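# Residue-level structure breakdown
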Amino acid sequence: MRTIDARGHRCPTPTLKLGRALREAAPGDEIELLATDPMARIDVPHFLAQTGHELISTEERDGVLAFRVTRSASAPTG
């Protein structure tokens, strides 16, 4: 599983970093996004719903949001 560390960045940066990682990933790959911006709790699920990727879980650990995502085989590439 690849981890994207976006702690300390304000939205939309965490979502943009996640999008880049998903475009580079193979279908079925899991990615973990770490973010401290509270808006990521809204932005990341919205982005995933629009792009067709799957949100596996959202967890908060010591003020850090951890999103586990799977790249969808049907999501567009590029």
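Residues numbered from 1 in each chain as written. Predicted model: local features only at pLDDT ≥ 70, side-chain atom pairs only at ≥ 80, totals over all residues. Heavy atoms only, no water.

Two elements, strand E1 (residues 2-6) and strand E2 (residues 30-35), share five bridges in a ladder whose sense is parallel. Along E2, the bridge assignment pairs Asp5 with Leu34. Handedness of the crossover joining E1 and E2 through helix H1 (residues 13-24): right-handed. (Pairing = 2+ DSSP bridges. Helix = DSSP H or I, 4+ residues; strand = E, 2+ residues; numbered from the N terminus. Right-handed = clockwise from strand over helix to strand, strands pointing away.)

Next up on the list: the pattern of salt bridges. Scanning the entire structure with this criterion turns up seven salt bridges. Across the salt bridge formed by Glu59 and Arg61, the nearest N and O atoms sit 3.6 Å from each other. Judged by its relative accessible area of 39%, Glu59 is partly exposed. When salt bridges that share partners are traced, they join Glu32, Glu59 and Arg61 into one network. (Salt bridge = Lys/Arg side-chain N within 4 Å of Asp/Glu carboxyl O. Buried < 20%, exposed > 50% of the residue type's maximum accessible area, 1.4 Å probe, protein only.)

One broad trend across soluble globular proteins is that nonpolar side chains are buried collectively. Ranked by size, the top nonpolar core spans 16 residues in total, and within it Leu18, Leu22, Ile31, Leu33, Val44, Leu48 and Phe67 carry the most contacts. When contributions to this core are tallied by element, the ones reaching two or more residues are E1, H1, E2, helix H2 (40-51) and strand E4 (64-70). For this core, the element with the highest residue contribution is H2, accounting for four residues. Residues in contact with Phe67, not counting those within four places in the same chain, are Ile31, Glu32, Leu33, Ala40, Arg41, Val44, Pro45, Leu55, Ser57 and Thr58. (Core = buried A, V, L, I, M, F, W, Y, C linked by side-chain atoms within 4.5 Å. Contact = heavy atoms within 4.5 Å.)

Strand direction decides the pairing type here: strand E3 (residues 54-61) and E4, joined by seven bridges, are antiparallel. What sits directly across from Thr58, in E4, is Phe67. Between E3 and the antiparallel strand that follows it, E4, lie two residues; Asp62 among them carries a positive phi value of about 50°.

Assignment of secondary structure puts Ala75 in the segment after E4. When its relative accessible area of 7% is taken as the criterion, Ala75 is described as buried. As a C-alpha pair, Ala75 and Glu54 span 21 residues in sequence and 10.0 Å in three-dimensional space. Apart from residues lying up to four places away in sequence, Ala75 is in contact with Thr51 and His53.

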